[in-house]
2 protein chains.
Amino acid sequence: MANCIIAQSGGPTSVINSSVVGLIKANKDFKLYDTVYAGVNGVEGILNKNIINLSNVSDEDLNTFKYTPSSGLGSCRYKLKPLEESTEEYDKLLDILKELNIEAFFYVGGNDSMDTIAKLSKYSKENNLDIKFIGIPKTIDNDLMYTDHTPGFGSAAKFINTTILETYLDSSVYINNGIFILETMGRDTGWLAASACAAKLNGESVVDFIYVPEVAFNKIKFIEDVRERFKRNNKVYIVVSEGIRDSSGRFVSEFDCVSQDNFGHAQLGGVSNYLRQIILDSGISTRVKALELGILQRCAMHCASDIDIEEAYNAGYEALKYAKDGKNGYMVAIKRVYKDSKYTTEFFEIEASKVANNVKYLPTEWVNEEGNNIKEEAISYFNPLLNGNPSLCFEDNLPKYNVFNN
Amino acid sequence: MANCIIAQSGGPTSVINSSVVGLIKANKDFKLYDTVYAGVNGVEGILNKNIINLSNVSDEDLNTFKYTPSSGLGSCRYKLKPLEESTEEYDKLLDILKELNIEAFFYVGGNDSMDTIAKLSKYSKENNLDIKFIGIPKTIDNDLMYTDHTPGFGSAAKFINTTILETYLDSSVYINNGIFILETMGRDTGWLAASACAAKLNGESVVDFIYVPEVAFNKIKFIEDVRERFKRNNKVYIVVSEGIRDSSGRFVSEFDCVSQDNFGHAQLGGVSNYLRQIILDSGISTRVKALELGILQRCAMHCASDIDIEEAYNAGYEALKYAKDGKNGYMVAIKRVYKDSKYTTEFFEIEASKVANNVKYLPTEWVNEEGNNIKEEAISYFNPLLNGNPSLCFEDNLPKYNVFNN
């Protein structure tokens, strides 16, 4: 009796559960493992033996789960100690897996999770254990190397773009309008903020300025730009990534930095309010609104991209095929392919160790010369990722969701 | 050649344009007026002669407009001076209407707009002018008297409830979760916050506490409640209306009150951050997130309630029939009817002067004894208003919207 286990790690996305459902479906098709277990709360939960059986979940519940946002198996931000420091946790984890006759371990996550996959794969090989460790990509930040994009990103970008169109219209209704600042996530990279270039009304971009962490933020130039645009249009719409930095590399919102997470990442927030204050202080306008989308952008399944959901599902499906083919220590990566000019994707394997602790930045060629917007040519990258609306289940006039993390 | 004019006023909603389209459709059906004009930016725009012709807009564009959020004819927060003080503006406005052979004036708005309708109707009658003034209700706040509910409210409530389900799941994924505070609009009334009682997962309410302006906020009790619930569940989800007050009637967020609008209403914001600070100070948890939905809740057409859109459309349609029947100084009001237990609505007329400057509060019988939640029985009021998803037009994978306020 051979089994497998899947777990989720890091920040949730709208489509991370779709990958779990894809994997379960693949196992039904290939009849590879007797039982698909789930570790609740990632490796942290597995170490606590918080493990459930997903093999008996009904097709109906699986379909609901496919369209449920958040890490429905629970999550963690647990970093295994470096192998050189201590192997205790690794031994404990592998003992638990062996007890359950686990032959494949799937981890849905970002670069930190790929680090976990790489370490576990390495250690288990060194100990001649026949357990395959396979990574399934997930992050709204779109910052994983090698893969064209990451599941979760398209849905977040779609919500951001939809919200931009709607808040742009809402904030343009008076004779005297003001300045609107939308803050997106993106600690190190500007993918989410940059996607805002896709938001158009009657073929025209609605966003005046986009600021990303890849380009040093210049406060003086910012004030000049906003002043000039407000004078011309009587309104300005600004999109800013939470992680923008000045030329010395310091986070613009650094004084709002309240804590660090377990990986030592600064927890940011509040850059839009900071920009709002700069504008107010400069006397450009007294009508300045700042909106921080916060976690909405990563969980708004009701506004997800259907292509993103299907790609997440297929990445999970593919991961099981990797296990079937004996691959170990790899992540499923996405390749973009155009067939007769139509966007489609293929999958390929990449060593998790290469993805781990690496960051894929927004190409600076996509940023305009002034450093305050994204070029038109970038839209063709973002646009196909926003395609299609999800077939949500409804109950009592609201989306029906279910999770397995209680 | 007789014509009519329609304009919008006050804060935008997702469905305010649907009412305009309903009125245009009724005029096509009844062939009542030669031209349907629109005043851009409400009475303020009409006084500036910013008037456009809507009669030649194509059916396709009208359909897009029906599903476009925000005040697509522009808006204003312009208050006409009391008649006793000066009739100058009234005379100017009526002269402009006479010039265009206007026989009916339709105003889509809330209680301040109904005040405008009442005043204009009174003054034009006194001056023996044959112009009918008719109000079409609109406000996400749901605070208009006599009508069962207001167009715009259902869609806002649906977005709030959907967002609650999604953020609840997102903020429940770790072993150690925190406290989540969602702030809704609602300066004087708690309808929007109260609607959160409809948010359920597997038949269970997800919101632990709901605070509304109709019940005095008690800080000591709040801390006790949150402490006890966090101890029991390791997480707490709180919904709060921006307008909650203490027992002396002072806004809890008063120190965050930055300005007043033209009607002397305090512009509020930040109560969720204030509650967050209270919780942090009390040492209950260090993980406390506050999310202010801001204008998202009133413009999220992508998550609107289809029944709300249709009711808004029908209210506009009905308004034209009022003009046809010679009614003057009335607002279209909604009556809830159950036919074979199925929710439906009928319309009836109510004097705009009765609605003007009045406020319909949330029934305090719906608030539980502890003053910190909404009773189950209220759900049957809210739930039918959330029904159905809109048939949005899409272009380049994003909703297609168009407006007439430029």
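The rules behind these values
Each chain carries its own residue numbering, running from 1 in the written order of its sequence. Chain A is the first chain written and ligand 1 is the first ligand written, with later ones labelled in order. Totals for whole chains, interfaces and linings use every residue, but because this is a predicted model, local features are given only for residues with pLDDT of at least 70 and side-chain atom pairs only at 80 or more, for both listing and counting. Side-chain metrics rest on all non-hydrogen atoms present in the structure, leaving aside hydrogens and water. Relative accessibility thresholds used throughout: buried, under 20% of the residue-type maximum; exposed, over 50%; partly exposed, between the two (1.4 Å probe, protein chains only). Helix and strand labels come from DSSP, where a helix needs a run of H or I of at least four residues and a strand needs a run of E of at least two; each type is numbered from the N terminus. At least two bridges found by DSSP between two strands are what make those strands a pair. The handedness of a crossover follows from its direction of travel: if, with the strands pointing away from the viewer, the path from the first strand over the helix to the second runs clockwise, the crossover is right-handed. Residues enter a nonpolar core if they are buried and are Ala, Val, Leu, Ile, Met, Phe, Trp, Tyr or Cys, with the set joined through side-chain atoms within 4.5 Å. Any two residues having at least one pair of non-hydrogen atoms within 4.5 Å are treated as being in contact. The term buried area means the drop in 1.4 Å probe accessible area that two parts suffer when joined, counted for both and summed. Salt bridges are identified by distance alone: a Lys or Arg side-chain nitrogen within 4 Å of an Asp or Glu carboxyl oxygen. Whenever two N or O atoms come within 3.5 Å, that pair is a polar contact, provided that in protein one can donate a hydrogen and the other can accept it, and provided that, for residues adjacent in sequence, both atoms are side-chain atoms. The classification used treats Ala, Val, Leu, Ile, Met, Phe, Trp, Tyr, Cys and Pro as nonpolar, Asp, Glu, Lys and Arg as charged, and all other residues, Gly among them, as polar. Two rings from Phe, Tyr or Trp (for Trp, the six-membered ring) form a pair when their centres are within 6.5 Å of each other. A pair whose planes differ by under 30 degrees is stacked, one over 60 is edge-to-face, and the rest are tilted. Convention adopted: a line fitted to C-alpha atoms gives each axis, helices being fitted over their contacting stretch, and angles between N-to-C directions are expressed from 0 to 180 degrees. We call two directions roughly parallel when the angle between them is under 35 degrees, roughly antiparallel when it is over 145, roughly perpendicular when it lies between 65 and 115, and oblique otherwise. Crossing handedness follows the turn of the near helix against the far one: under a right angle anticlockwise gives a left-handed crossing, and clockwise gives a right-handed one. Residues below a pLDDT of 70 in either copy are left out; the C-alpha atoms of the rest, at least 70 in both, set the least-squares superposition of the copies. pLDDT measures how confident the predictor is about each residue, on a scale from 0 to 100.

Engineer: How should the pairing of strand β5 (residues 132-137) of chain B be read in this particular structure?
Structural biologist: Successive side chains on a regular strand alternate, one facing one side of the sheet and the next facing the other. Residues and elements named next belong to chain B. The element β5 is largely enclosed, with a buried count of six among its six residues. Both faces of β5 are covered, namely the face carrying K132, I134 and I136 and the face carrying F133, G135 and P137. For strand β4 (residues 102-109) and β5, the ladder comprises six bridges, and the chain directions are parallel. Bridged to F105 within β5 is F133. Of the crossover connections in this fold, the one passing from β4 over helix α5 (residues 111-126) to the parallel β5 is right-handed. Pairing of β5 with strand β14 (residues 330-339), which is carried by two bridges, proceeds in the parallel orientation. When the bridges of β14 are listed, I134 appears paired with Y330.

Engineer: How should I be thinking about the pairing of β4 of chain B in this particular structure?
Structural biologist: Residue and element names in this part refer to chain B. Burial analysis of β4 places seven of its eight residues in the buried class, which makes it a mostly covered element. One ladder, built from six bridges, connects strand β1 (residues 3-8) with β4; its direction is parallel. For C4, the partnering residue across the bridge sits in β4 and is A104.

Engineer: What is the right way to read the nonpolar core from this model?
Structural biologist: Judged by nonpolar contacts, the single largest core of 108 residues is most densely connected at I164 and F382 of chain A together with I164 and F382 of chain B. Excluding residues within four positions of it along the chain, F382 of chain B makes contact with F153, W191, A194, S195, C197, L362 and W366 of chain B. Ranked by size, the runner-up nonpolar core spans 32 residues in total, among them L80, I117, I131 and F133 of chain B.

Engineer: I'm lost on the interface of chain A and chain B in this one. Help?
Structural biologist: By a frequent convention, interface size equals the accessible area lost on bringing the separate parts together. Listed by partner, the interface residues are 59 residues for chain A and 59 residues for chain B. Approximately 4,600 Å² of surface area, both sides summed, lies buried where chain A meets chain B, with 61% of it carried by carbon and sulfur atoms. For D170 of chain A, the salt bridge is made with R298 of chain B, and the minimal N-O distance between the two is 2.8 Å. Applying the counting rule to chain A against chain B returns 21 residue pairs in polar contact (both at pLDDT 80 or more). If one sorts the elements of the side of chain A that touches chain B by residue count, helix α6 (residues 153-170) of chain A sits on top with 10 residues. Taken together, the residues of the side of chain A that touches chain B break down into 28 nonpolar, 21 polar and 10 charged.

Engineer: I would appreciate a short explanation of the packing of aromatic side chains in the present structure.
Structural biologist: Note on aromatic pairs: each is described by the distance of the centres and the angle between the planes. With the rule as written, the count across this model stands at 36 aromatic pairs over all chains. A ring pair is formed by W191 of chain A and W366 of chain A, whose centres lie 6.0 Å apart and whose planes are at 90°; its orientation type is edge-to-face. Of this pair, W191 of chain A sits in helix α7 (residues 191-194) while W366 of chain A sits in the loop between α12 (352-355) and α13 (379-382); the two residues are 175 residues apart in sequence, bridging distant segments of the chain. With respect to class, W191 of chain A is no different from W366 of chain A; both count as buried. Seen in terms of ring centroids, F105 of chain B and F133 of chain B are 5.3 Å apart; in terms of plane orientation they differ by 45°. Their pairing is tilted. Taken together, the residues span a long stretch of sequence, with F105 of chain B in strand β4 and F133 of chain B in strand β5 at a distance of 28 residues. F133 of chain B shares its class with F105 of chain B; the two are buried. Connected via pairs of aromatic rings, a cluster forms that spans F153, W191, W366, Y381 and F382 of chain A.

Engineer: Hey, could you run me through the sheet that holds β1 of chain B in this one?
Structural biologist: Within a sheet, adjacent strands bond to each other through the backbone by hydrogen bonds, running parallel or antiparallel. Residues and elements named next belong to chain B. Read across the sheet, seven strands follow the order β3-β2-β1-β4-β5-β14-β15 without closing on themselves; strand pairing throughout is mixed. In this open sheet, the two edge strands, each paired with only one partner strand, are β3 (51-53) and β15 (342-351). Each strand of the sheet is rotated relative to its neighbour by a mean of 30°, with strand direction disregarded. Of the strand pairs in this sheet, strand β2 (residues 35-39) and β3 are connected by three bridges, and their pairing is antiparallel. In the sheet register, Y37 faces β3, and the bridge partner there is N53. Relative to the sheet, helix α1 (residues 16-30) contacts β1, β2, β4 and β5, its axis offset from that of β1 by approximately 170°.

Engineer: Teacher, can you tell me more about the side chain of S113 of chain B here?
Structural biologist: All names here are of chain B. Relative to the elements of secondary structure, S113 occurs in helix α5. Look at S113 and you get buried, because its relative accessible area is 2%. Each residue touching S113, except ones within four places of it in the same chain, is listed here: S9, Y107 and V108.

Engineer: Is there a simple way to think about the sheet that holds strand β10 (residues 236-241) of chain A in this case?
Structural biologist: All names here are of chain A. Spatially, β9-β10-β6-β13 is the arrangement adopted by the four strands of the open sheet, whose pairing is parallel. The strands lining the two open edges of the sheet, one partner per strand, are β9 (209-211) and β13 (288-292). Averaged over all adjacent pairs, the angle separating strand axes in this sheet is 15°, with direction ignored. Two elements, strand β6 (residues 179-184) and β13, share five bridges in a ladder whose sense is parallel. By the bridge assignment, L182 is partnered in β13 with L291. This element, helix α9 (residues 271-282), spans β6, β10 and β13 of the sheet and lies at about 170° to β13.

Engineer: What is the right way to look at the packing of helix α1 (residues 16-30) of chain A against helix α11 (residues 306-324) of chain A in this model?
Structural biologist: Residues and elements named next belong to chain A. It is at 7 Å that the axes of α1 and α11 come closest, and there the two elements cross at 45°. Classified by the angle between their axes, α1 and α11 sit oblique to one another. In terms of crossing hand, the pair formed by α1 and α11 is right-handed. Contacts between α1 and α11 involve S18, S19, V21, G22, L23, K25, A26, N27, D29 and F30 from the first element and I309, A312, Y313, G316, Y317, A319, L320, K321 and K324 from the second. Taken together, the residues of the contact of α1 with α11 sort by class into 10 nonpolar, five polar and four charged.

Engineer: I keep staring at the relation of the copies chain A and chain B and nothing clicks. Help me out?
Structural biologist: Note on the chain copies: they are related by a rotation about an axis and a translation along it. Superposing chain A onto chain B requires a rotation of 180° together with a translation of 0.0 Å along the rotation axis, leaving an RMSD of 0.0 Å. Put plainly, the chains are arranged around a two-fold axis. Relative to the rotation axis, the C-alpha of C303 of chain A is the closest in chain A, positioned 3.9 Å from it. Comparing interface residues between copies, 100% of those in chain A also sit at the interface in chain B, which points to an isologous, same-surface contact.

Engineer: Even after reading the chapter, I still don't get unusual backbone geometry, so can you show me in this structure?
Structural biologist: In most cases, non-glycine residues show a negative phi, while peptide bonds are predominantly trans. Residue and element names in this part refer to chain A. Unusually for a residue other than glycine, K49 sits at a positive phi of about 55°. Mapped onto the fold, K49 is located in the loop between α2 (42-47) and β3 (51-53). A positive phi angle is found at N101, which is not glycine, with a value near 55°. Within the secondary structure, N101 sits in the loop between α4 (88-99) and β4 (102-109).

Engineer: How should I be thinking about helix α3 (residues 59-66) of chain A in this particular structure?
Structural biologist: A turn of α-helix holds 3.6 residues, and therefore any two residues three or four places apart point the same way. Taken together, the buried positions of α3 of chain A are occupied by L62, T64, F65 and K66 of chain A. Buried positions along α3 of chain A lie against α1 and α11 of chain A.

Engineer: Would you mind showing me how to read the environment of Y401 of chain A here?
Structural biologist: Looking at where Y401 of chain A falls in the secondary structure, it is placed in the segment after β17 (398-399). Put simply, Y401 of chain A and A2 of chain A are 399 residues apart on the chain and 31 Å apart in space, counted from C-alpha to C-alpha. A polar contact is formed between the side chain of Y401 of chain A and the side chain of E166 of chain B, at a distance of 2.6 Å.

Engineer: Honestly, the confidence of the model for chain A in this entry has me stumped. Any pointers?
Structural biologist: Interpretation of the predicted coordinates at a detailed level should be avoided for regions scoring low in pLDDT. Residue and element names in this part refer to chain A. Counting all residues, the mean pLDDT for chain A is 94, and 96% of those residues have values of 70 or more. For the stretch residues 256-262, pLDDT sits under 50, and the model shows 16 contacts to residues farther than four places along the chain or on other chains. Overall fold confidence (pTM) sits at 0.96, and the ipTM for the predicted complex is 0.96.

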